[in-house]
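The residues making up each chain are set out below.
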Amino acid sequence: MPDRIDLLWQPPGAPSHALPTRAGVGLKPAHFQEILETQPDIGFFEVHAENYMVAGGPFHHYLTRIRERHALSVHGVGLSIGADAPLDRGHLDALATLLDRYQPQSFSEHLAWSTHGDTFLNDLLPIPYTDQTLRRVCDHIDQVQSHLKRRMLLENPATYVEFEGSSMDEAAFLSEVVRRTGCGLLLDVNNVYVCSVNHQRDARAYIRSLPLAQVGQIHLAGFAEQQDGHGDRLLIDSHGSPVAQAVWDLYAFTLELAGAVATLIERDNDVPGWPVLFAEACVADQQLRALPRLTTPGSDGPRMAVTT
């Protein structure tokens, strides 16, 4: 299959700016008022698109005010990029309306599927890594980027099973999707660690094999630990606890290879008070700021050094 889009491609009308290379957090209703009152020094906020696909209401009221002062990332959970069916045009239209309204610096979705016919499954389900699936995912990403007139980021999944019929590994699949469509990567470091334990995979080798120059955002989150039927460790991408030390270590390794990348702290369950969440974002911010900076002639300013 021929290349469809140059890696530096941006659709007409796409925002030329990116998220600040700082830490951000997922915006939660429990924190709306405190954020407005304290105006924290934070890189950006992220919202789930599907929570804002209505014309009005309190969520839009607060997001409008917060967006006036802070950079914004929109993260989709319902496009079903990997589904064996056409994309939902109504969902795509609603997403376009939302992005036009808030003009976020970043939009991302998952390498997963969540629909079957007219049924929506409240989960992000894995796909087989085959040539057929690759063509379908690329077709869907082409459609999304053309419709939204912007480059999207594709997130690596957290998985608990793998398909015997896969003909390539996950990193190779993601790399080929990026090459063919020109989309970027949302590198979820927690997902990498979860999968490395669940599938006995080398997390650092996985990260090394990705097109790290195309990573536009990093996610960090907490996981829950269980045991599978054989008594082995089984990690669940729960987003319900602080980032584990093993994930922080893998994050530091990722930054050594990729340089500074906008980083989100995800917390969707057992959400703590704002000071606790903000403090965790500050830990990521400290790691980003500690990276050595180099000045590139003719550039707009300093950039982060990349170590290989």
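Worth saying up front: this structure is predicted, and the values here are computed from it rather than measured. (Residues numbered from 1 in each chain as written. Predicted model: local features only at pLDDT ≥ 70, side-chain atom pairs only at ≥ 80, totals over all residues. Heavy atoms only, no water.)

A closer look at the sheet that holds strand β7 (residues 153-155)
At step 1: Taken in spatial order, the 8 strands of this closed barrel run β1-β2-β3-β4-β7-β8-β9-β12, and their pairing is parallel. Averaged over all pairs of adjacent strands, the angle between strand axes in this sheet comes to 30°, irrespective of strand direction.
At step 2: Looking at chain direction, strand β8 (residues 184-188) and strand β9 (residues 215-220) are connected through 4 bridges and run parallel. When the sheet's bridge partners are listed, L186 is paired in β9 with Q217. (Pairing = 2+ DSSP bridges. Helix = DSSP H or I, 4+ residues; strand = E, 2+ residues; numbered from the N terminus. Axes fitted to C-alpha atoms, helices over the stretch in contact; angles between N-to-C directions.)

A word on the packing of helix α4 (residues 131-148) against helix α5 (residues 170-181)
At step 1: Running from N to C, α4 and α5 point in directions that differ by 45°, and their axes come no closer than 10 Å. Relative to α5, the element α4 is oriented oblique. The interaxial crossing formed by α4 with α5 has right-handed handedness. Contacts between α4 and α5 involve T133, L134, R135, V137, C138, I141, D142 and Q145 on the former and, on the latter, F173, E176, V177, R180 and T181. (Parallel < 35°, antiparallel > 145°, perpendicular 65-115°, else oblique. Left-handed = near helix turned anticlockwise from the far one by under 90°. Contact = heavy atoms within 4.5 Å.)

Here we look at the environment of D188
At step 1: Tracing the sequence through the fold places D188 in strand β8.
At step 2: Put simply, D188 and L154 are 34 residues apart on the chain and 9.9 Å apart in space, counted from C-alpha to C-alpha.
At step 3: Look past the residues within four positions of D188 in its chain and what remains in contact with it is E155, N156, H219 and E266.
At step 4: Within polar-contact distance, the side chain of D188 engages the backbone nitrogen of N190 at 3.0 Å.
At step 5: A polar side-chain atom of D188 sits 2.8 Å from the main-chain amide nitrogen of N191. (Polar contact = N/O pair within 3.5 Å; in protein donor to acceptor, adjacent residues only side chain to side chain.)

From the geometry alone we can't say anything about function, so treat these as descriptive.
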